[in-house]
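Coordinates in review
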Amino acid sequence: MTTETAPMSMPAQNQELTVLGALKANMRDYGLLLALILIMLFFQWSTGGVLFKPVNLTNIILQNSYIIVMALGMLLVIVAGHIDLSVGSVSGFIGALAAMLMVGWRFPPEFSFLANPFVAGAICIVVGAAIGAAQGYLIAYHRIPSFIVTLAGMLIFKGLSLALLAGKSVGPFPAEFQLLSAGFIPDFIGPTTLVPAVTAVPASDGVVAIAAVQPLVLHTTTLVIAIVGIVALMFFAIRGRQRRKARGYESEPFVLFVAKNLVIAVLVLFFVYMLASYRGLPNVLVVMGILIALFVFITKRMTFGRRIYALGGNLKAAALSGIKTERMTFYVFAIMGALAALAGMIYAARLNSATPKAGQGLELDVIAAVFIGGASALGGVGAVAGAVIGAFILGVMNNGMSIMGINIDLQQMIKGVVLLAAVFFDLYNKNRA
Amino acid sequence: MSNTILEMRSITKTFPGVKALSDVNLDVREAEIHAIVGENGAGKSTLMKVLSGVYPSGTYDGEIVYKGEVQQFKSIRDSEHKGIVIIHQELALVPLLSIAENIFLGNEQAKNGVIDWDETRDGARKLLGMVGLTEDPDTLVTNIGVGKQQLVEIAKALSKEVKLLILDEPTASLSEKDSAALLDLLMEFRSQGITSILISHKLNEIAKVADRITVIRDGHSIETLNKEDITEDRIITLMVGRSLDDRYPNREPNIGDVVFEVRDWSVYHQLHRERQVIKNISINIRKGEVVGIAGLMGSGRTEFAMSVFGKSYGQRISGEVFLHGKKIDTSTVEKAVANGIAYATEDRKTYGLNLIDHIKHNTTLANLGGISRVGVIDDMTEMDVANEYRKKTNIRSSSVYQITGNLSGGNQQKVVLSKWLFANPDVLILDEPTRGIDVGAKYEIYTIINQLAAQGKAVLVISSEMPELLGITDRIYVMNEGRIVGEMQTSEASQEKIMRAIVRAEGKAS
């Protein structure tokens, strides 16, 4: 799950940890993943097997992609000790901007390139980053509480999207833009047919009967990418472990190491297999995957990430250690803005139109995902993997409860209870330690 | 002779790793002004917190007998009920509430939860009159000066029908005139039968008003003097009178040229533009030299150090900093660190450590460049560094993955030192490096300081503990009220000499 697999508490020197001890020490990390798996199994059972249908799994990813994209930025914001309430409205506003650029406005011929989906997309990301930067500037350099700045931003951009769209929905988008949410990677290799649609079945009386069965055709490129990815992951995990051993630092017990990586590999393979049996990897999953990997790297391995954790943990101590705390805060909000823009475009592309109400309330889902993922409201604590799993827990619950036909009012209450329970469990765990 | 109103019998209070009070005895007579004196950290404030119930009964050993009865205060409320009111060094007023509201805070003049504002104002006005204030009770506390705020605190105490008033360094931040008024007030209270306990550093004030003095040193009550026996010399001797035994490692200095120099350094108060906190200070430190800055709390030592270190304190800063004879820029912490200066703060929990993170991350925080390439951290190098410094500074922990918030004070301090050692500075400023640390850990930190000097670094130690400065430094600057008021070779220095430099400066200032 993380590139840094060293357990949080280890005995003094070169001795292997007990399996139980390591499990306890990493309760939080394993617990969250386990919770996601249990929730999925529960809904698989309660929906009568619908949840794990390839088409539904693909749907869950598409439905939650924009939440996850924003959760990555929100994780940085919350770790830095702030909050961003404006992301929902900003994403809605950017969706509206994208629609106006590509569909709504009629540019004179010499400016028609602005309506090109790629140019428009780039403009949207830049505008989003600028919005985040402006809010970040007020928060970092003028010390206005982020809660207030982004609350104001939420209202402002809610109003601006209404104004931009003149209260109407604008669409549909050009086909290239729709591919962002509705597209799948092409199968360069060509499909692998495991079970053809039509099979000859020998009948008892010697006559060959023609039976129609559920066909099983796999998206080969997807499988190849998955296998390459898993091999790479295993390679890095094993190499990291060996390097640690070579330097005399002990790591988690070998049994646990193998078990953990096997479980992850099997899970990934299983999901990819499911996706491959539908239409393959959605484009948006590729974008998400790259972003998740990037943010794990930033938070775990880059000085930039380390500094954000330090300033969230103790702002004064960070400043007295030579960290430019204002600049860091500014960057964090600019990044959040860019991600909100990307999420806004994914959302608009998925609906195939920009609506004045788009994005409203999304900030709450995003924030909930980050807190379920174990981030601390006081700052300084939180992990990218946690935020992603948190978003999936919420997403799977939404999806499962909808399939079960649970009323929206009850759904909201259940989600609230889950958020409380997750944070309660966290604090309980921490106090016991 | 009047009756004893308060007796504290063999009070012992321990914190994890530190014995703050051991077997302290104090008796206070009715309607007297009883002064308690002692060095910073001697245990005066702790004793008063025991008395007022901040540390509830059960968390200390010994007995408190007040008005002939053994008391077991569970909270400040309990002691206030009996008429014992403590006024802390840091005032406990709410700045954006009015004087009247502050006076009756928690004791509102109300019927059925509805505040009677006429009663509140009238009551406040009467109480203000008793402390000699004519301010409108509706004035916000933030709009009156510190001296008057102190008087409002006392008025608040009077509203609780105080019998025993405890003042912790009440005049530390007051002007000469305000101080005199406050002391007059205490004498007037005495004539009305109110007993006061006065904690103060200012020996001239004590000589003026106190009936008896109890000297506390190292958590022990040393002696109680009557008014007739009070002399400055006597008090100083009692305050500092411990021997310098082998609590300090041997020091064989090898001192070279001047490495670090600050010239004409002036700083104004962080919030009050007009108040000059540091007044034209010039100091220098040589290669391999350990230099101390002595002075009382509030003399401006920390403000000086923090203003030099990246302008982390104050405004309108002027002056020059030289390293190896070259003028350097220390206007931001980053530049100061890059130019070879490190500052280990006096308050390691608030300013020194990320308490929710582990030793490894704290160790490398000030020098992330040293473990990374193009912004990417090499975790193996980081592990090596963290383990190396954990061993070097002898941090006792299960591993470098222990959360610093769970370490003892001594080990936390070693993490702070590790952080700055890894930043590899030429000049190391250590602000109260052994505050709240047990004797064993102190020795280890002194040893580290010695090693640093032996490596040719210039070390500046700020400390309120004079024996410590005498034990580990080569030269001492004495600071008082933002000025350097004395400089001496440690070999020729003594606690009496340092105290005298401070007291003489106090005399001049008044």
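It should be emphasised that the depicted structure is a prediction, and the values quoted were computed from it without experimental measurement. (Residues numbered from 1 in each chain as written. Chains lettered and ligands numbered in written order. Predicted model: local features only at pLDDT ≥ 70, side-chain atom pairs only at ≥ 80, totals over all residues.)

This part covers the overall build of chain A. On a plain count of helices and strands, chain A comes out with 16 helices and four strands. Put simply, chain A has 433 residues, and 42% of those count as buried. (Helix = DSSP H or I, 4+ residues; strand = E, 2+ residues; numbered from the N terminus. Buried ≥ 20, exposed ≤ 12 C-beta atoms within 10 Å, placed from the backbone.)

Our focus in this paragraph is the nonpolar core. If you look at the biggest cluster of nonpolar residues, it comprises 192 residues, and the most contacted ones within it are M70, A71, M74, L75, A98 and V370 of chain A. Here this core takes 19 residues from helix α13 (residues 325-351) of chain A, the largest share from any one element. Composition of this core by domain shows at least three residues from each of domain 2 (254-340 + 425-510) and domain 3 (349-424) of chain B. The contact partners of V370 of chain A, leaving out residues within four places of it in the chain, are A71, M74, L75, I78, A375, G382, A387 and G390 of chain A. Formed by 58 residues, the second largest nonpolar core is a distinct cluster that contains V37, Y60, I235 and M239 of chain B. (Core = buried A, V, L, I, M, F, W, Y, C linked by C-beta atoms within 7 Å. Domains from an automatic or database assignment. Contact = placed C-beta atoms within 7 Å.)

Turning our attention to the confidence of the model for chain B. All names here are of chain B. For chain B, the average pLDDT comes to 87, and 95% of its residues sit at 70 or higher. By mean pLDDT, helix α8 (residues 232-240) is the weakest element of chain B at 76, and strand β22 (residues 458-462) is the strongest at 95. Reported for the predicted complex are a pTM of 0.79 and an ipTM of 0.82. (pLDDT = per-residue confidence, 0-100.)

With that settled, the discussion passes to the interface of chain A and chain B. By convention, interface size is frequently given as the accessible area that disappears when the constituent parts associate. The interface is formed by 27 residues belonging to chain A together with 28 residues belonging to chain B. Counting residues per element, the ones that place at least two in the side of chain A that touches chain B are α11 (303-313) and α12 (315-319) of chain A. Tallied by class, residues from the side of chain A that touches chain B come to 13 nonpolar, seven polar and seven charged. (Nonpolar A, V, L, I, M, F, W, Y, C, P; charged D, E, K, R; others polar.)

Another point: the domain arrangement of chain B. Partitioning chain B into domains gives domain 1 (4-240), domain 2 (254-340 + 425-510) and domain 3 (349-424). Inter-centroid distance (C-alpha atoms) of domain 1 of chain B to domain 3 of chain B is 41 Å.

What follows concerns the environment of F271 of chain A. Following the sequence through the fold, F271 of chain A ends up in helix α9 (residues 254-276). A sequence separation of 214 residues divides F271 of chain A from L57 of chain A, and the C-alpha atoms of the two residues are 8.0 Å apart.

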